[in-house]
Amino acid sequence: MSKRISVHDCQRIVIKVGSSLLVENSGINQAWLATLASDIRTLISGGTQILLVSSGAIALGHRLLNLPNRPLQLDENQAAAAVGQIELGKAWSEALCSYSLVPAQILLTVNDTEGWSGRRSYLNTRNTIERLLSLRSVPVINENDTVATSKIRYGDNDRLAARIATMISADLLILLSDIDGLYTEPPTNNPDARLIEIINDITPEIVRMAGSAKSDLSRGGMVTKIEAAKIATRAGISMIISSGKRRFPIRSIDEGQPATWFLTNQSTSRTSARKIWISGQLETKGGLTVDQGAVRALENGKSLLPTGVIDIEGSFSRGDIIAIYASNGVRIAQGLAGYDSRSAKLIMGYKSEELSQILGLGYEGRNEIVHRDNLVLTLST
Ligand code: GLU
């Protein structure tokens, strides 16, 4: 059964801290940060490993460089991140060191965790993080905004934190934000809006609620928090959205402060490491639209065969991540392409026994356009 867990019972927790909590007009909110560091010290003393994903570089750099109050251009943002990241690292270093903790800074680009070509970097990053944790250090992670281009970036730390959580098989992801959690409607618009305390299933209704909600100053708002919840729960990791505005924000969660919990059923979510990796991939190279029969087959745990494919978009190679859509346009799965897009277009709609001839192989080809071992359902129709 899915159930709420005590934060203190977890072995590994990723905590994402939003910019609006850390940075105020006068700079870093050090008094608050000290209470978070104290919570982290308590958890680590109890045997829990903690990883931090911290935003705030751009907000700090913006302040320090006296940049104007308008949307910044890419190079201005990157300059702000370069200046702000040093300040952010300093703040974490001071806060954690005063509790005798040893912080480690890790700046990642999307290439380090996404795509088949990033698999080596992914494994390397994971090894380094594992080693840091075994050395009792506290990794403080952010996107390397200074080198990320607008196209190749996570763009928000909610999903980055979820990717880190899946990468190192955390038990829990906590997104500290400036709102208590997901409300049925934006509470600023409707005083009767209700906080949803427990979510066992991320239904289209939940996604709709998030779409209308504005959250903190971070890039993501509520939409990317729900995306993060999908990535985490699919990998068997529970997630909490909670307001970090209180002092001792982690202790407050165990004391029962309002929050939204996304629960996961660990026993049924025990997918292989490869499937967890596939399900966490944010970028897809293309998409396949499939018929009703194929949707049913996928829901029953079968592979996707060419005969069920009715449309193909994008240009992808074998091994690239591709999305799978039902004929009504709903995205239902993602997986690794068994064929490149050119061959896939040739064989789509054909039966398995016809493939070899169509492709002129002279031997029996692969039957599956996406093999079930390389496929993860993301939403049922
Ligand atoms: N990486 C950005 C920063 O440190 C924050 C991204 C986000 O707010 O999610 O400023």
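Definitions and cut-offs
Residues numbered from 1 in each chain as written. Predicted model: local features only at pLDDT ≥ 70, side-chain atom pairs only at ≥ 80, totals over all residues. Heavy atoms only, no water. Helix = DSSP H or I, 4+ residues; strand = E, 2+ residues; numbered from the N terminus. Rg over C-alpha atoms; globule rule 2.2 N^0.38 Å. Buried < 20%, exposed > 50% of the residue type's maximum accessible area, 1.4 Å probe, protein only. Areas by Shrake-Rupley, 256 points an atom, 1.4 Å probe, with all protein chains shown as cover. Lys, Arg positive; Asp, Glu negative; His and termini not counted. Charge placed at Lys NZ, Arg CZ, Asp CG, Glu CD. Near = heavy atom within 4 Å. Polar contact = N/O pair within 3.5 Å; in protein donor to acceptor, adjacent residues only side chain to side chain. Nonpolar A, V, L, I, M, F, W, Y, C, P; charged D, E, K, R; others polar. Pairing = 2+ DSSP bridges. Contact = heavy atoms within 4.5 Å. Axes fitted to C-alpha atoms, helices over the stretch in contact; angles between N-to-C directions. Parallel < 35°, antiparallel > 145°, perpendicular 65-115°, else oblique. Core = buried A, V, L, I, M, F, W, Y, C linked by side-chain atoms within 4.5 Å. Phe/Tyr/Trp six-rings, centres within 6.5 Å; stacked < 30°, edge-to-face > 60°. Lys NZ or Arg CZ within 6 Å of the ring centre and 35° of its normal. Salt bridge = Lys/Arg side-chain N within 4 Å of Asp/Glu carboxyl O.

1. Some remarks on the overall build of the chain
Here's step 1: Each helix and strand counted, the chain has 13 helices and 15 strands in total.
Here's step 2: Relative to the globule expectation of 21 Å for 381 residues, the C-alpha radius of gyration of the chain, 22 Å, shows essentially globular dimensions.
Here's step 3: Overall, the chain is about 70 × 45 × 40 Å in size when its C-alpha atoms are taken along their principal axes.
Here's step 4: Sorting the 381 residues of the chain into buried and exposed places 54% on the buried side.
Here's step 5: Carbon and sulfur atoms form 47% of the exposed surface of the chain, whose accessible area is close to 17,400 Å².
Here's step 6: A distance of 3 Å separates the average location of the 41 positive side-chain charges in the chain from that of its 38 negative side-chain charges.

2. Quick look at the site of the ligand
Here's step 1: Around the ligand, the structure places 10 residues, and the nearest of them are A57, I58, N142, D145 and N157.
Here's step 2: I58 is positioned such that a nitrogen or oxygen atom in its backbone is 2.9 Å from an oxygen atom of the ligand.
Here's step 3: Interatomic distance of 2.8 Å between a side-chain N/O atom of D145 and a nitrogen atom of the ligand.
Here's step 4: Protein coverage of the free-state accessible area of the ligand, which is 300 Å², stands at 97%.
Here's step 5: Each residue belonging to the shell around the ligand can be placed in one class, and the counts come to 2 nonpolar, 5 polar and 3 charged.

3. With respect to the sheet that holds strand β4 (residues 49-54)
Here's step 1: Spatially, 8 strands are ordered β5-β6-β4-β1-β7-β9-β10-β8 in an open sheet, and the strand pairing comes out mixed. Strand pairing shows two members of the sheet lacking a second neighbour, β5 (102-108) and β8 (198-199), which therefore form its edges.
Here's step 2: Taken together, the 6 bridges between strand β7 (residues 172-177) and strand β9 (residues 238-243) define a ladder with parallel strand orientation. Bridging from a neighbouring strand, L172 pairs with S238 of β9.
Here's step 3: Contacts from helix α4 (residues 74-97) reach β1 (12-17), β4, β5 and β6 (137-143) within the one sheet, and its direction differs from that of β5 by about 155 degrees.

4. Focus on the packing of helix α6 (residues 157-167) against helix α8 (residues 221-234)
Here's step 1: One can describe the packing of α6 onto α8 by two numbers: an axis separation of 8 Å at closest approach and a directional angle of 10 degrees. By the criterion of interaxial angle, the relationship of α6 to α8 is roughly parallel. The segment α6 lies against α8, with D158, R159, A162, R163 and T166 engaging G221, T224, K225, E227, A228, I231 and A232.
Here's step 2: Partitioned by chemical class, the residues of the contact of α6 with α8 number 4 nonpolar, 3 polar and 5 charged.

5. Observations concerning the side chain of T48
Here's step 1: Relative to the helices and strands, T48 is located in the loop between α2 (30-45) and β4.
Here's step 2: Discounting chain neighbours no more than four positions away, the residues touching T48 are H8, C10, Q11, R12, I13 and L43.

6. Here's the deal with α6
An α-helical turn contains 3.6 residues, so any two residues separated by three or four positions project in the same direction.
Here's step 1: Taken across its 11 residues, α6 has 11 buried, putting it largely inside the fold.
Here's step 2: Residues of α6 that are buried include every one of N157, D158, R159, L160, A161, A162, R163, I164, A165, T166 and M167, and no others.
Here's step 3: The distance from a side-chain oxygen at the start of α6 to the backbone nitrogen of D158 is 3.2 Å, and the residue carrying that oxygen is D156.
Here's step 4: Directly after α6, the chain includes S169, whose backbone phi takes a positive value near 50 degrees.

7. A short note on the nonpolar core
Here's step 1: Of all hydrophobic cores here, the largest spans 51 residues; its most connected members are V14, I141, I164, L173 and L182.
Here's step 2: In this view, L182 contacts R194, L195, I196, I199, I206, M209, A210, M222, I226 and T260; residues no more than four positions away in its chain are not counted.

8. Remarks on the sheet that holds strand β15 (residues 375-377)
Here's step 1: Overall, mixed pairing links the 5 strands, which are arranged β12-β11-β13-β14-β15 in an open sheet. Single-partner strands in this sheet number two, and they are β12 (309-314) and β15. Across this sheet, the average inter-strand angle for adjacent strands is 20 degrees, counted without regard to direction.
Here's step 2: Note: strand β11 (residues 286-290) against β12, 5 bridges, orientation antiparallel. Considered in β12, the bridge of G287 is made with E313.

9. Focus: unusual backbone geometry
Excluding glycine, most residues fall at negative phi; most peptide bonds, likewise, are trans.
Here's step 1: Positive phi is not limited to glycine here, since S169 has a value of about 50 degrees.
Here's step 2: Tracing the backbone through its elements, the reader meets S169 in the loop between α6 and β7.
Here's step 3: Given the relative accessible area of 54%, S169 is considered exposed.
Here's step 4: Positive phi outside glycine occurs at F248, with the angle close to 50 degrees.
Here's step 5: Inspection of the secondary structure assignment puts F248 in the loop between β9 and α9 (249-254).

10. A short note on the packing of aromatic side chains
Here's step 1: For the structure shown, the criterion picks out 0 aromatic pairs.
Here's step 2: Its end group placed over the ring of F248, R251 keeps NZ or CZ at 4.3 Å from the ring centre.

11. A look at the pairing of strand β13 (residues 321-326)
Here's step 1: When you tally the buried positions in β13, you get 5 out of 6 residues, the bulk of the element.
Here's step 2: As paired strands, β13 and strand β14 (residues 331-336) are joined by 5 bridges and run antiparallel to one another. Residue pairing across strands places Y325 opposite R331, the latter belonging to β14.
Here's step 3: Hairpin connection of β13 to β14: 4 residues between the antiparallel strands, including G329 at a positive phi of 90 degrees.

12. Focus: the pattern of salt bridges
Pairing of side chains with opposite charge becomes possible as their charged atoms draw close.
Here's step 1: Scanning all chains against the criterion turns up 10 salt bridges.
Here's step 2: With its nearest N and O atoms 3.0 Å apart, the salt bridge here joins K16 to D158. Taken together, the positions of K16 in strand β1 and D158 in helix α6 put the pair 142 residues apart, joining distant regions of the chain. The two residues K16 and D158 agree in class, both being buried.
Here's step 3: R246 is the salt-bridge partner of D180, the closest N and O atoms lying 3.3 Å from each other. Placement of the pair is D180 in the loop between β7 and β8 and R246 in the loop between β9 and α9, with a sequence separation of 66 residues.
Here's step 4: According to the relative accessible area criterion, D180 is buried, its value standing at 17%.
Here's step 5: Bridged by salt links that share partners, the residues K16, D158 and K225 form one connected network.

Take it as geometry only, folks, not as evidence of what the structure does.
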